[in-house]
Amino acid sequence: KQFVDLGTYLRRLVRKLEDAFDAKSGPVVFRLDLDCVEVPYPAAANIGLMVNEAITNSFKHAVPKGATEIRVALKGAGGWALLAVSDNGPGFHGPGQRHVGGTLLMKRLAERAGATVERDLEWPGTRYIIRVPLSPGAPRRLCAGLVKE
């Protein structure tokens, strides 16, 4: 199996999304807290698509309603990678705040990655928690993927 440092992969992906949404000079600040976590390549690809969907939804639904921050945090703990993607927008609260299509897509992508995804109902904006089981065969090495920005 090929493994990927998910932290480094997500940092590069988020920077590309930042460029695509022209957010570097805009009102949105990205906060990254990404540990080095090795996952199989196919899982990383599906997780990347989920992060892309969550951030795209933030720009589509939250930023026009005042969101100024998007956070992506990845921690490896106890055989799991825990990934949170969040914004500080209005969230799903109130009428007309159901984004069923994106959530369904993320659930399907999570299944393909052998992961789970859920929306954190306590978060004041929108936050998705993605749990990825770490493979016992994943390499255990120090990598340059520890990034805090």
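Because the structure is predicted, anything quoted here is derived from the model rather than measured. (Residues numbered from 1 in each chain as written. Predicted model: local features only at pLDDT ≥ 70, side-chain atom pairs only at ≥ 80, totals over all residues. Heavy atoms only, no water.)

Right, let's get into the pattern of salt bridges. Under the criterion given, the structure shown has 7 salt bridges. In this structure, Arg31 engages Glu69 in a salt bridge whose closest nitrogen and oxygen atoms are separated by 3.1 Å. Remark: Glu69 occurs in strand 4 (residues 69–77) and Arg31 occurs in strand 2 (residues 29–34); sequence separation between them is 38 residues. For Arg71, the salt bridge identified is with Glu69, shortest N-O distance 2.7 Å. Within this structure, Arg31, Glu69 and Arg71 form a network of salt bridges that share partners. (Salt bridge = Lys/Arg side-chain N within 4 Å of Asp/Glu carboxyl O. Helix = DSSP H or I, 4+ residues; strand = E, 2+ residues; numbered from the N terminus.)

At a minimum axis separation of 10 Å, helix 1 (residues 6–20) and helix 2 (residues 41–62) run at an interaxial angle of 35 degrees. Here helix 1 runs over helix 2; the crossing is right-handed. Side by side, helix 1 and helix 2 meet where Leu6, Tyr9, Leu10, Leu13, Val14 and Leu17 of the first sit next to Ala44, Ala45, Ile47, Gly48, Val51, Asn52 and Ile55 of the second. Of the residues assigned to the contact of helix 1 with helix 2, the class counts are 11 nonpolar, 2 polar and no charged. (Axes fitted to C-alpha atoms, helices over the stretch in contact; angles between N-to-C directions. Left-handed = near helix turned anticlockwise from the far one by under 90°. Contact = heavy atoms within 4.5 Å. Nonpolar A, V, L, I, M, F, W, Y, C, P; charged D, E, K, R; others polar.)

In the structure shown here, the tally under the stated rule is 2 aromatic pairs. Summarising the aromatic geometry, the rings of Phe21 and Phe59 are spaced 4.2 Å apart at their centres and angled 0 degrees between planes, so their arrangement reads as stacked. Here Phe21 is found in the loop between helix 1 and strand 2, whereas its partner Phe59 is found in helix 2, with 38 residues between them in sequence. Judged by relative accessible area, which is 13%, Phe59 ranks as buried. (Phe/Tyr/Trp six-rings, centres within 6.5 Å; stacked < 30°, edge-to-face > 60°. Buried < 20%, exposed > 50% of the residue type's maximum accessible area, 1.4 Å probe, protein only.)

A separate point is helix 1. Its 15 residues place the ends of helix 1 21 Å apart at the C-alpha level, agreeing with the 21 Å of an ideal helix rising 1.5 Å per residue. Within the span of helix 1, buried status applies to Leu6, Gly7, Thr8, Leu10, Leu13, Val14, Leu17 and Glu18. On the buried face of helix 1, the contacting elements are strand 1 (3–5), strand 2, strand 3 (38–40), helix 2, strand 4 and strand 5 (80–87). For helix 1, the capping residue at the N-terminal end is Asp5, with a side-chain oxygen 3.1 Å from the backbone nitrogen of Gly7. (Expected span 1.5 Å × (residues − 1). Polar contact = N/O pair within 3.5 Å; in protein donor to acceptor, adjacent residues only side chain to side chain.)

What follows concerns the environment of Ala115. Here Ala115 lies in the loop between helix 3 (100–113) and strand 6 (116–119). Accessibility expressed as a relative area gives 10% for Ala115, which makes it buried. For the pair Ala115 and Ile130, spaced 15 residues apart in sequence, the C-alpha separation works out to 6.8 Å. Beyond its immediate sequence surroundings of up to four residues, Ala115 is in contact with Ala110, Ile130, Arg131, Val132 and Pro133.

Per-residue confidence for the protein gives a mean pLDDT of 85; residues scoring 70 or more make up 82%. Overall, residues 145–149 carries pLDDT values under 50, and its contacts beyond four positions in sequence, including any with other chains, amount to 20 contacts. (pLDDT = per-residue confidence, 0-100.)

Here we take up the side chain of Asp87. Relative to the helices and strands, Asp87 resides in strand 5. What Asp87 contacts, discounting residues up to four positions off in sequence, is Ser58, Ala62, Glu69, Ile70, Trp123, Gly125 and Thr126.

With that settled, consider the nonpolar core. Counting residues in each nonpolar core, the largest one holds 37 residues, and the members touching the most others are Leu10, Ile47, Val51, Ile55, Val72, Leu74 and Leu83. Elements represented by at least two residues in this core include exactly helix 1, strand 2, helix 2, strand 4, strand 5, helix 3 and strand 7 (126–133). If we skip the residues at most four places from it in the chain, Ile55 touches Val14, Leu17, Phe30, Ile70, Val72 and Val85. (Core = buried A, V, L, I, M, F, W, Y, C linked by side-chain atoms within 4.5 Å.)

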